[in-house]
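Given next are the chains, with one letter for each unit.
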Amino acid sequence: MSFFGFGQSADIDIVLNDAETRKKAEHRSEDGRKDKYFLFYDGETVSGKVNVTLKYPGKRLEHNGIKIEFIGQIEMYYDRGNHHEFVSLVKDLARPGELTQSQTFDFEFTHVEKPYESYTGQNVKLRYFLRATVGRRLNDISKELDLVVHTLSTYPELNSSIKMEVGIEDCLHIEFEYNKSKYHLKDVIVGKIYFLLVRIKIRHMEIDIIKRETTGTGPNVYHENDTIAKYEIMDGAPVRGESIPIRLFLAGYELTPTMRDINKKFSVRYYLNLVLIDEEERRYFKQQEITLWRKGDIVRKSMSHQAAIASQRFEGTSNPEKFLGHNAEEDTG
């Protein structure tokens, strides 16, 4: 008898068919630890074997069926018991019966749709996993294997630049421009800042990358802002007519692609925040959203070439008047 945990039991192991060759990716868990998981993309087949190993050879294991599931789900930390599944596939491996010896079952989920990127945030987690289950009358035996999914995007190689102004009437007029508005996760933000009017004493100036995670809907919306990076532009007082170049490398920071309204549950957006602090500790800032996207490992030469041209164009320009002729409508933020 298997009541009260006595009698036969089993260990379950899930092994992917391409485990030896499939690439792994680092992913942060809820407790902040980074682990490596098998990496998949949208449309890829997930296949492998489920090994069911009996703990006590010679004893029967009665079961109500053996199955494996591929699941994509969103979990809100404030609503722990309620998982929102956006992908749920099931394969039956064995009908109800009994096992008299350890057994291996093959499975394959063909061209699985994986529409969203794996994500672990402040208030929400999006995860994909395989779950193998041996059904029992009292307590099922199950094993999960987490997978990581990356979403790849393609954006125009030349996308529009960002132009903005920060101003206080008769005291301060600063104009800044970034070379584009969409950046891949290993990209470089290239830009320039022009001081057109400076009548207050600025002590410090920096650019922050801010990640804003939004969860919930309607009145139950939660916003979490996290400063991912701080880039000091200058420490000291600028003078009128001065221009300062910016080069901010994104590869060193823990970033994800921009996620907008994922399954109507959450969003992750990124902003460039220009911060000025004067000698009286007053803060002035201007914020602009940027789009981050994940590029495949294969880098096209043309893309690298265009990035180099854009970089030279911004770094090599010393005439601020060139950027003053745009219309007010072109400004954003």
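Residues numbered from 1 in each chain as written. Predicted model: local features only at pLDDT ≥ 70, side-chain atom pairs only at ≥ 80, totals over all residues. Heavy atoms only, no water.

The name that an unreviewed UniProt entry assigns to the chain is Vacuolar protein sorting-associated protein 26B-like, with the source organism given as Pundamilia nyererei. Turning to the chain, the UniProt record has this under Sequence similarities (unreviewed entry): "Belongs to the VPS26 family." (UniProt positions renumbered as here; feature names shortened; annotations may be inferred.)

Peer 1: Sorry, what's going on with the overall build of the chain here?
Peer 2: When you go through the chain residue by residue, the secondary structure sums to one helix and 22 strands. A buried classification covers 45% of the 333 residues belonging to the chain. For the chain, restricting intrachain contacts to residue pairs at least 6 apart in sequence, the fraction spanning at least 24 positions comes to 69%. Accessible surface for the chain amounts to roughly 18,100 Å². Of this, 46% is attributable to carbon and sulfur atoms. (Helix = DSSP H or I, 4+ residues; strand = E, 2+ residues; numbered from the N terminus. Buried < 20%, exposed > 50% of the residue type's maximum accessible area, 1.4 Å probe, protein only. Contact = heavy atoms within 4.5 Å. Areas by Shrake-Rupley, 256 points an atom, 1.4 Å probe, with all protein chains shown as cover.)

Peer 1: Explanation requested: the sheet that holds strand S1 (residues 10–16) in the structure shown.
Peer 2: Within a beta sheet, neighbouring strands are joined by backbone hydrogen bonds and run either parallel or antiparallel to one another. Spatially, the three strands line up as an open sheet ordered S1-S4-S9, and their pairing is antiparallel. In the strand order of this sheet, the two ends are held by S1 and strand S9 (103–109), each with one partner. Taken pair by pair, the neighbouring strands of this sheet meet at an average axis angle of 20°, ignoring direction. In this sheet, S9 lies alongside strand S4 (residues 46–54) in antiparallel orientation, the contact comprising seven bridges. (Pairing = 2+ DSSP bridges. Axes fitted to C-alpha atoms, helices over the stretch in contact; angles between N-to-C directions.)

Peer 1: What should I look at first to understand the nonpolar core in this one?
Peer 2: Nonpolar side chains in soluble globular proteins tend to be buried together. Formed by 72 residues in total, the largest nonpolar core has its most connected members in Val46, Leu130 and Tyr178. Two domains each provide a minimum of three residues to this core, namely domain 1 (8–147) and domain 2 (160–291). (Core = buried A, V, L, I, M, F, W, Y, C linked by side-chain atoms within 4.5 Å. Domains from an automatic or database assignment.)

Peer 1: Help me understand the confidence of the model for the chain, please; the structure alone is not making it clear to me.
Peer 2: Regions with low pLDDT carry predicted coordinates that are not meant to be interpreted in detail. Confidence along the chain averages 83 in pLDDT terms, with 85% of residues attaining 70 or more. Across residues 298–333, where pLDDT falls below 50, the model places 47 contacts with residues more than four positions away in sequence or in other chains. (pLDDT = per-residue confidence, 0-100.)

Peer 1: Would you mind going over the sheet that holds strand S14 (residues 172–178) with me for this structure?
Peer 2: On the basis of which strands lie adjacent, the open sheet formed by four strands has the order S13-S14-S16-S19 and antiparallel pairing. Strands at the two margins of the open sheet, each flanked by one partner only, are strand S13 (162–168) and strand S19 (243–249). Between one strand axis and the next, the sheet turns by 20° as a mean value, whatever way the strands run.

Peer 1: Which parts of the structure should I look at to understand the side chain of Thr120?
Peer 2: Summarising the element assignment, Thr120 is placed in strand S10 (residues 119–120). A polar contact of 3.0 Å, which involves the side chain of Thr120, links it to the backbone oxygen of Arg28. When sequence neighbours within four positions are dropped, the list of residues in contact with Thr120 reads His27, Arg28, Ser29, Glu30, Tyr77 and Lys125. (Polar contact = N/O pair within 3.5 Å; in protein donor to acceptor, adjacent residues only side chain to side chain.)

Peer 1: How should I be thinking about the pattern of salt bridges in this particular structure?
Peer 2: Should their charged atoms come close, side chains of opposite charge can pair. Taken as a whole, this structure holds 25 salt bridges when the rule is applied. Ionic pairing is found between Lys143 and Asp13, a salt bridge with its closest N-O pair at 3.9 Å. Here Lys143, found in strand S12 (residues 141–149), pairs with Asp13, found in strand S1; they are 130 residues apart in sequence, far enough to count as distant. Given a relative accessible area of 34%, Lys143 falls into the partly exposed group. We classify Asp13 as partly exposed; its relative accessible area is 35%. Overlapping salt bridges bring together Glu69, Arg127, Arg131, Glu144 and Asp146 as one network. (Salt bridge = Lys/Arg side-chain N within 4 Å of Asp/Glu carboxyl O.)

Peer 1: What's the story with the environment of His63 in this structure? I'm lost.
Peer 2: Note that His63 resides in strand S5 (residues 61–63). The buried category is assigned to His63, whose relative accessible area is 6%. The spatial distance from the C-alpha of His63 to the C-alpha of Arg95 is 8.6 Å, given a sequence separation of 32 residues. Discounting chain neighbours no more than four positions away, the residues touching His63 are Ala94, Arg95, Pro96, Gly97, Glu98, Leu99, Val134 and Gly135.

Peer 1: For this particular structure, what's the right way to read the packing of aromatic side chains?
Peer 2: The way to describe two aromatic rings as a pair is by their centre distance and the angle between their planes. Counting across every chain of the model gives eight aromatic pairs. Judged by centre distance (5.0 Å) and plane angle (70°), the rings of Phe86 and Tyr116 are edge-to-face. Separated by 30 residues along the polypeptide, Phe86 in strand S7 (residues 83–94) and Tyr116 in the loop between S9 and S10 bring together distant segments of the chain. Here Phe86 matches Tyr116 in class, with each residue buried. Here Phe176 and Tyr178 contribute two aromatic rings whose centre-to-centre distance is 5.6 Å and whose plane-to-plane angle is 70°, an arrangement assigned as edge-to-face. Neither Phe176 nor Tyr178 differs from the other in exposure class; each is buried. By the ring-pair criterion, three or more aromatic residues cluster together here, those being Phe70, Phe86, Phe107, Phe109, Tyr116 and Tyr128. Directly above the aromatic system of Tyr56 lies the positively charged group of Lys59, at a separation of 5.5 Å from the ring centroid. (Phe/Tyr/Trp six-rings, centres within 6.5 Å; stacked < 30°, edge-to-face > 60°. Lys NZ or Arg CZ within 6 Å of the ring centre and 35° of its normal.)

Peer 1: What should I look at first to understand unusual backbone geometry in this one?
Peer 2: Of all residues except glycine, most have a negative phi; of all peptide bonds, most are trans. The backbone of His111 sits at a positive phi, close to 45°, despite the residue not being glycine. You can call His111 exposed: its relative accessible area is 59%. Phi angles above zero are rare outside glycine, and Asn263 is one such case at about 55°. Structurally, Asn263 can be placed in the loop between strand S20 (259–262) and strand S21 (266–278).

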